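Analysis of the macromolecular model
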Amino acid sequence: MGTLIGGVSTYFITRINHRHDASKELAKRRFELMIQTANDVTEFENLVGRYATELSNKIQGLAGALDFEEARKNIYTKNQPLRRARMSLKVLGLKEAEANLEKYVEVTREVIRYGPNLSKERASELAKQIVIGPIEFYESLAKEISLT
């Protein structure tokens, strides 16, 4: 009888431990995906920040530290981090972070769409907003990370 009770107890304890380990692994993977998402947004932010700065310099007739045409080309050819970040936010179900990222992307669209046709004032204003970055996105993601 003692062996039977011991066996059943061992089975249930092992089962509970396995569930706990699986839960910990899931939380770890979720955390890693959120950090990767933040890194992807940072990569895009750097890309679009360079473009906005070079655009502002070009419109104002200033010599930039980078090549404007290269920065413009990179916006179109190296935007995979933004796509990855959007997909990750959908997979994670982080609606607030996703909405905040889209607000930031909307600002970048104007710079990308109108480029050299922007007024000096508008280009400078947008460049400042872009350089500050998607603060609300990072704050909403930080809330999620702290819950993990």
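Anything mentioned here points back to the structure above.
The present account deals with the structure reproduced in this document.

**Re the side chain of Ser56**
As for its position among the elements, Ser56 is in helix α1 (residues 2–60). The residues contacting Ser56, other than those within four sequence positions of it, are Ala123, Ser124 and Ala127.

**Let's talk about the packing of helix α4 (residues 95–114) against helix α6 (residues 135–147)**
Interaxial distance between α4 and α6 falls to 8 Å at its minimum, and their mutual angle equals 170°. It follows from the interaxial angle that α4 and α6 lie roughly antiparallel. At the point where α4 passes α6, the crossing takes the left-handed sense. Contact residues: α4 offers Glu96, Ala97, Asn100, Leu101 and Lys103, while α6 offers Glu136, Phe137, Ser140, Leu141 and Lys143.

**So, helix α5 (residues 120–132)**
The end-to-end C-alpha distance of α5 is 18 Å, a good match for the 18 Å that 13 residues give at a rise of 1.5 Å each. All of the buried residues along α5 are Ala123, Leu126, Ala127 and Ile130. Buried residues of α5 fall within an arc of 105° about the axis and therefore sit on the same side. Those residues of α5 that are exposed and aimed more than 90 degrees away from the buried face are Glu121, Lys128 and Ile132. Following α5 by one or two positions, Gly133 adopts a phi angle in the positive range, close to 90°.

The rules behind these values
- Residues numbered from 1 in each chain as written.
- Predicted model: local features only at pLDDT ≥ 70, side-chain atom pairs only at ≥ 80, totals over all residues.
- Heavy atoms only, no water.
- Helix = DSSP H or I, 4+ residues; strand = E, 2+ residues; numbered from the N terminus.
- Contact = heavy atoms within 4.5 Å.
- Axes fitted to C-alpha atoms, helices over the stretch in contact; angles between N-to-C directions.
- Parallel < 35°, antiparallel > 145°, perpendicular 65-115°, else oblique.
- Left-handed = near helix turned anticlockwise from the far one by under 90°.
- Expected span 1.5 Å × (residues − 1).
- Buried < 20%, exposed > 50% of the residue type's maximum accessible area, 1.4 Å probe, protein only.
- Arc of directions from axis to C-beta.

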